[in-house]
Amino acid sequence: MLTGLMMDRPLSIPDVIEYAADVHPDRRVVSSAVEGGIHSYTYAQARDRISQLAHGLGKLGVQPGDRVATLAWNGYRHLELYYAISGIGAVCHTINPRLFPDQIAWIVNHAQDGILFFDLTFLPLVKALRPRLPKGLRLVLMTDRAHCPDDCDALIYEELLSGHPTRFDWPTLPENTASSLCYTSGTTGDPKGALYSHRSSLMHAFSIILGAPQSFGRTQRILPVVPLFHVNAWGLPFSAPLSGTELVFPGPRLDGASLFDLMQSEGVTAAWGVPTVWAGLIEEMRKRGKKPDALHSLLIGGSAVAPAMIRALETEFGITVLHGWGMTEMSPVGTVTRPDPSQDIEGRIATSIPQGKRIFGIDMKIVDDAGVRQPHDGVAFGELLVRGPAVISGYYNDDAATAKAFDDEGWFRTGDVAKISAAGDLVIVDRTKDLIKSGGEWISSIELENSASSHPSVTIAAAIAVPHPKWDERPLVAVVLKPGAMVTQSEILDHMAKTMAKWQLPDEIAFVEAIPMTATGKVSKKDLREQLKSHFVG
Ligand code: ADP
């Protein structure tokens, strides 16, 4: 083997913001501020404040490898923390404030965070958590002195930056240096930490720009509804500055009306988020009889997107849907759909129903129960395993979870059941633990949900398995009806019979007021099972 004669310059996160400040200096970052009002500055000004923050962190004594936690909405200060913390060689540990307080305390202790930065909104939460947080944990309130309540003894973010130089001499770090840490939401057992590196973050950022080119570029303004507090807002904090895309951060206001207003006033062209968020936006767009003027596409992922949602966005509003699949352990994007501009609406809808094609760097394989590889023919299905430079190689300080997560060849087990077509389109059949095993056959909860939610009276549907004395498990589908809609169980079942075999149809439809959601805005099947316990037979 002959080694190439090229410089060994490591991939590095602070290079991204220095590049944006140099090449896209006037492109803007707009934030709906926690204190109210709109904050707007350029990438050049962001770089200046990030440098000041890096000096401030040094003054606080932050050392390479230290974990520095954040509990914050999508806004400019959170973006600054991403770059400054990783840039000095420390680890930016984002925490999801929607987790149960017990889980947050568990995570801070497991990560052994030394400092916690938090938004004003979370002051009551931090106060309540304090007795359970590590002794010596330093607290920094992400605001200025004027907004800090008198009884708060935390350090003040703006004071940490104040007076420092607007340039920082970033250390040259090996590219595998840990940059950031995110815990899974722990729907199965304790949360598990994915520890990203400078290299993995940049490889992922390049790949999503290539995979979803519609969202990026100097003519685009992207609104991440996906939170900076969970899986790096799907990589947007890196991909946007790299590509000169402007960022519009929604802060704490994520309801349909607030999102619509911000998109309209800021000329947002693209937005990324989970399906439940877009349900709120669709309702708002229907009320106002229009979409935000500049909005042309939504990337939807995190859970399966119901075909009815894709159809509504494409046909009622002319918004292109990109459907993506991924996991915390994959940084997180794995696949995204690639609609072809020459396709008509029906063609685009059909393209967006599967979960898409792999982004560069992700390899996928499907195996049966014995671990034997299955063909990519759109028919054979089995467990999906992945590998790539932005996929974890183990969980942070968790040997037990790591031991179960990989096969003998080192591929990561996703816990999803899937098939892949000859053209490379991934179809997620279900999470292994959500599949309904009825009389030796599998029924996909995603197919049941897609079928039920395509009924015109249904807003959202969620399917779970209920124990059954003869069939082991049978499906139960919970539905939330549109306001004022009147429909019977048999009408919904007749509708579902158009797309599903008779034995796959649920024995019962449960009409509910609301479906419980997880901390990441997905249907919480665990809570739904609990809620519908009285419907179980036997
Ligand atoms: P959490 O946010 O709950 O910690 P993740 O975000 O890592 O967990 O969830 C990843 C899982 O979400 C995937 O393994 C898959 O089951 C599900 N998922 C994500 N995107 C999609 C999608 N587009 N279609 C179907 N399932 C999806």
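Note that the coordinates shown come from a computational prediction; the quantities given were computed from them, not determined experimentally.

Things to note about the overall build of the protein chain
What the protein chain contains, in helices and strands, is 16 helices and 25 strands. On C-alpha atoms alone, the protein chain measures out to a radius of gyration of 23 Å, which is about the 24 Å that the 2.2 N^0.38 rule sets for 538 residues. Summarising its shape, the C-alpha atoms of the protein chain cover approximately 70 × 60 × 55 Å along the three principal directions. By the burial criterion, 57% of the 538 residues in the protein chain qualify as buried. For the protein chain, contacts bridging at least 24 residues in sequence account for 66% of all contacts bridging at least 6. A total of about 22,400 Å² of accessible surface is found on the protein chain, and carbon and sulfur atoms cover 54% of it.

Description of the packing of helix H1 (residues 13-23) against helix H8 (residues 236-243)
Between H1 and H8, the shortest axis-to-axis distance is 8 Å and the interhelical angle comes to 35°. Here H1 and H8 pass one another in a crossing that is left-handed. Facing Ile-13, Val-16, Tyr-19 and Ala-20 of H1, the residues of H8 in contact are Phe-238, Pro-241 and Leu-242. Partitioning the contact of H1 with H8 into residue classes produces seven nonpolar, no polar and no charged.

Here's the deal with the domain arrangement of the protein chain
Once the domains are mapped, the protein chain shows domain 1 (13-253), domain 2 (358-431) and domain 3 (436-535). With centres defined by C-alpha atoms, the gap from domain 1 to domain 2 works out at 30 Å. The interface of domain 1 with domain 2 comprises 17 residues on the first partner and twelve residues on the second. Of the roughly 1,200 Å² buried at the junction of domain 1 and domain 2 (both faces included), carbon and sulfur atoms supply 68%. Broken down residue by residue, the surface that domain 1 buries against domain 2 is led by His-110, Lys-192 and Ser-207, which jointly contribute 35%. Seen at the junction of domain 1 and domain 2, the total is zero salt bridges. For the interface between domain 1 and domain 2, the tally reads four residue pairs in polar contact (both at pLDDT 80 or more). Of all elements in the fold, only helix H4 (101-111), strand S8 (178-183), strand S9 (193-197) and helix H7 (198-211) reach the threshold of two or more residues within the side of domain 1 that touches domain 2. Counting residues per element, the side of domain 1 that touches domain 2 draws most heavily on H7, which supplies seven residues.

Focus: empty space enclosed by the protein
Applying the stated rule across the entire model yields four cavities of 30 Å³ or more. Its boundaries defined by the atoms lining it, the largest cavity holds a volume of some 100 Å³. If you go around the largest cavity, you meet 14 residues; those closest to its centre are Val-34, Gly-75, Tyr-76, Arg-77 and Asp-119. For the lining of the largest cavity, the secondary-structure elements that each account for two or more residues are strand S1 (28-32) and helix H3 (76-87). Considering each element in turn, the lining of the largest cavity owes the most residues, three residues, to H3. Here the lining of the largest cavity is composed, by residue class, of five nonpolar, six polar and three charged.

Section: the pairing of strand S23 (residues 458-468)
Of the pairings in the sheet, the one linking S23 to strand S24 (residues 472-481) comprises ten bridges and is antiparallel in character. Residue pairing across strands places Ile-460 opposite Val-480, the latter belonging to S24. Where S23 folds back onto S24 in an antiparallel hairpin, the turn is made up of three residues.

About the cut-offs
Residues numbered from 1 in each chain as written. Predicted model: local features only at pLDDT ≥ 70, side-chain atom pairs only at ≥ 80, totals over all residues. Heavy atoms only, no water. Helix = DSSP H or I, 4+ residues; strand = E, 2+ residues; numbered from the N terminus. Rg over C-alpha atoms; globule rule 2.2 N^0.38 Å. Buried < 20%, exposed > 50% of the residue type's maximum accessible area, 1.4 Å probe, protein only. Contact = heavy atoms within 4.5 Å. Areas by Shrake-Rupley, 256 points an atom, 1.4 Å probe, with all protein chains shown as cover. Axes fitted to C-alpha atoms, helices over the stretch in contact; angles between N-to-C directions. Left-handed = near helix turned anticlockwise from the far one by under 90°. Nonpolar A, V, L, I, M, F, W, Y, C, P; charged D, E, K, R; others polar. Domains from an automatic or database assignment. Buried area = accessible area lost by both parts, 1.4 Å probe. Salt bridge = Lys/Arg side-chain N within 4 Å of Asp/Glu carboxyl O. Polar contact = N/O pair within 3.5 Å; in protein donor to acceptor, adjacent residues only side chain to side chain. 1 Å grid on protein atoms, 1.4 Å probe; cavity = no way out; pocket = protein on both sides within 12 Å on 5 of 7 lines; lining within 4 Å. Points joined across faces, edges and corners; volume = space filled by probe spheres on them. Pairing = 2+ DSSP bridges.

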